[in-house]
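Read off the chains here:
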Amino acid sequence: MEGYIDFFNSYVIGSIQMLLGFTFFIRFLQKKGRNSLAFLFALPSLVLVLFSPVGSITEYLVYTLCLIAVGILPCRADWKSAVFYAALTVGIMEICQGIVNSLSGMLSPWTLSLHQNAAALVSGLLGITAVALATVCYCVVYRCFLPYETAEKQSLFLFLIPSLMIFFMDEYICSVIYGNETIQNAGGRDFPIKHHHMFVIQLFGMASLFCLMFAYKKLLQNFRLRTELSLLEQEESFLNQYVEEARARYEKTKSFRHDIKNHITVVKDLLKSGKSEEASAYIGDMSDMTEELSLPCATGSPVADILVGNKLGIAKSMGIDVDCSLLLPYPCTVRDIDFGIILSNALDNAIHACRDVGGGAEKYIRVSGRIQGDFVLMEVENSFCGKGPAGRGTGLSNIKAVAEKYQGAMSIKTQGTSFSLSVLLVIPRHAEGIPRQIG
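The notes below deal with the structure included here. (Residues numbered from 1 in each chain as written. Predicted model: local features only at pLDDT ≥ 70, side-chain atom pairs only at ≥ 80, totals over all residues. Heavy atoms only, no water.)

Within the chain, the secondary structure is distributed over 11 helices and seven strands. Here the chain, with 439 residues, has 38% of them falling under the buried criterion. Long-range pairs, those at least 24 residues apart, make up 75% of the contacts in the chain between residues at least 6 apart in sequence. Total accessible area computed for the chain in this model is approximately 24,300 Å², and 60% of it derives from carbon and sulfur atoms. (Helix = DSSP H or I, 4+ residues; strand = E, 2+ residues; numbered from the N terminus. Buried < 20%, exposed > 50% of the residue type's maximum accessible area, 1.4 Å probe, protein only. Contact = heavy atoms within 4.5 Å. Areas by Shrake-Rupley, 256 points an atom, 1.4 Å probe, with all protein chains shown as cover.)

What follows is the structure, given as C-alpha cells:
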C-alpha cells in the first residue's frame, strides 16, 4: 500500500495541485473565456513538469515558465501580468506544501509508531491537506486582493521581488532541510530538525505574502485617491475660472444694457437730423460692442463656449492658427465640469505643444466634434515638434478617467508633426428636459 500512496502523492496530488494552479492563474488574469484553450496548452506542460527528472527547485521553475507561457500565448495577457501572477501562484503552492511538510515532520514521532499502511494513509491525507490549503489561499487572494486594474500594473514588480524572496527561502527550507533528516552545525555535529520551528516560519512566510498583497492593495487605493483628488482640484479650478468669466461677461452685459437706451436715443436724433452716415457709423460701433459680448465658439453648451473661447483666444494671441467646429449636446447626462476637464486639458496640451514648435513651421489647433446617436466624439488636433513622449501630456490621465466614467474611451494618434486626441463619450438620451447644474 505504501507504493500506491507514494504514487498517489507524487503524481495524483501533484497533478491536482498543478491543475489547481492553472485554474486560479487563469482566473487571476481575468481570462475566463479562454479556459479550454489554456488547459489544452497546460496539459503538455503538466506532463513536462511531472516527469521531469530534475530537482524540486527546477521543477517549480519549469512550472512557473509553463504558467507564463500559458498566460502570454493562449490567454493573450501582457507579460508583466503573466510573470506576476505566475510567481504568485507558484509561491502560494510552495508555501502550502512547506506548511504540510512541517506538519508531517511534527507528526513523524506518532506516525512512526503506526502500522506501515496506516502511516502511508496519513501521508496521503497530508497530501490532500496541501491541496485544500492551497485552494483556500487562492480563494482568499482572488476575493480579497485581486484582480488589479490594468492601468495600475506598472508597479507590480514592487510586489514581485519580495514575493520571490519568500518563495526561494521556502524552497530552500523544503529542499535542503526536508531533503535531509538532519543538518550539521559549524562543528560538523548532526542535530535533529525542529519541525515546529519550521512550521512557524512557514506560517510567517504565508502571512508575509498576504501582508505584501495587502500593502500593495493599499498602495493602489492611494493611487486612485490621488487621481480622484487631482480631478477634484481641477474641477475646483475650472469652476472658479468659469465663475470669473461669467462674472466678467455679466458686468459687460449689464453695462451695455444700462446704456442701450442712450444709444438708441442718439441714433434716433442722428436720423431725425438727416445725419444718416453718422447714424450708420454709430450703429457699427454698437455692433462691435455686441460682438465683444458674444462668444467666439458656439458649441451648444454655454460652459464649453466660455472655456473653448478663452483657450483659443490665448492660442490666437500666441500666433497659433485656431479653428473650432465643435458641437455638444445640451442638456445631456455629461456634467459641465466633465466637459471642462476634457477640453481644458486637451487644449492646454495643444497650446504647450504648439509653443514648442520652432522655426517657420505651421502652428495650429483644430477643435471638432459631433453627436451621433448616443455618442459624442470630440477631437483636438494640433501641430507638435514630432519628438518626445507625445502620449504623456499633463492631464491625459484625467481625460481618460472622465471618458471611462461615461463608458467611453480616449485614443491618441500621431502622424508626422500632427498630434490628434480623440475622446468618445456615451450619452444615452432620456427625457428631453434634463436639469443642468454647474458641478
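That was the structure; now back to the text.
On to the pattern of salt bridges, then. In the structure shown here, the tally under the stated rule is four salt bridges. Across the pair lysine 311 and aspartate 348 runs a salt bridge whose closest N-O atoms are separated by 2.9 Å. One end of the pair, lysine 311, is in helix 9 (residues 302-317); the other, aspartate 348, is in helix 10 (residues 336-355), and 37 residues separate them in sequence. Given the relative accessible area of 35%, aspartate 348 is considered partly exposed. Via salt bridges that share partners, Arg335, Asp338 and Lys405 belong to a single interconnected network. (Salt bridge = Lys/Arg side-chain N within 4 Å of Asp/Glu carboxyl O.)

Within soluble globular proteins, side chains that are nonpolar tend to cluster in buried spots. Phe28, Leu88, Ile92 and Tyr138 are the most contacted members of the largest nonpolar core, which has 43 residues in total. Elements that contribute at least two residues to this core include exactly helix 1 (2-28), helix 3 (56-72), helix 4 (79-111), helix 5 (116-144), helix 6 (157-177) and helix 7 (195-272). It is helix 4 that contributes the most residues to this core, 11 residues altogether. Leave out the neighbours within four places in its chain, and isoleucine 92 touches Ala134, Cys137, Tyr138, Val141, Met206 and Leu209. With 39 residues, the next largest nonpolar core counts Val334, Ile341, Val367 and Phe384 among its residues. (Core = buried A, V, L, I, M, F, W, Y, C linked by side-chain atoms within 4.5 Å.)

Two numbers describe how helix 9 lies on helix 10: the axes approach to 10 Å, and their chain directions differ by 10°. Classified by the interaxial angle, the pair formed by helix 9 and helix 10 is roughly parallel. On the side of helix 9, the interface is formed by Val303, Ala304, Leu307, Val308, Lys311, Leu312, Ile314 and Ala315, while helix 10 contributes Asp336, Gly340, Leu343, Ser344, Leu347, Asp348 and Ile351. Of the residues contributing to the contact of helix 9 with helix 10, the split by class is 10 nonpolar, two polar and three charged. (Axes fitted to C-alpha atoms, helices over the stretch in contact; angles between N-to-C directions. Parallel < 35°, antiparallel > 145°, perpendicular 65-115°, else oblique. Nonpolar A, V, L, I, M, F, W, Y, C, P; charged D, E, K, R; others polar.)

To continue, consider the side chain of asparagine 382. Its location among the elements puts asparagine 382 in strand 5 (residues 375-383). Asparagine 382 sits in the buried class, given a relative accessible area of 2%. Apart from residues lying up to four places away in sequence, asparagine 382 is in contact with Ala350, Ala353, Cys354, Tyr364, Ile365, Thr417, Ser418 and Phe419.

Here we come to the environment of threonine 64. Within the secondary structure, threonine 64 is located in helix 3. Judged by its relative accessible area of 15%, threonine 64 is buried. Sequence separation between threonine 64 and leucine 88 is 24 residues, and the spatial gap between their C-alpha atoms is 9.5 Å.

Here we come to unusual backbone geometry. Its identity as a non-glycine residue notwithstanding, arginine 76 has a phi of 55°, on the positive side. Here arginine 76 shows up in the loop between helix 3 and helix 4. In the Ramachandran plot, glutamine 407 falls in the positive-phi region, its phi being about 55° despite a non-glycine side chain. Looking at where glutamine 407 falls in the secondary structure, it is placed in the loop between helix 11 (396-405) and strand 6 (409-415).

Before going further, it helps to examine the packing of aromatic side chains. Under the criterion given, the structure shown has eight aromatic pairs. Both rings, one in phenylalanine 24 and one in tyrosine 138, keep their centres 5.1 Å apart while their planes meet at 25°; by these two values the pair is stacked. Taken together, the residues span a long stretch of sequence, with phenylalanine 24 in helix 1 and tyrosine 138 in helix 5 at a distance of 114 residues. One exposure class covers both phenylalanine 24 and tyrosine 138, and it is buried. (Phe/Tyr/Trp six-rings, centres within 6.5 Å; stacked < 30°, edge-to-face > 60°.)

Nothing here speaks to function; it is all geometry.
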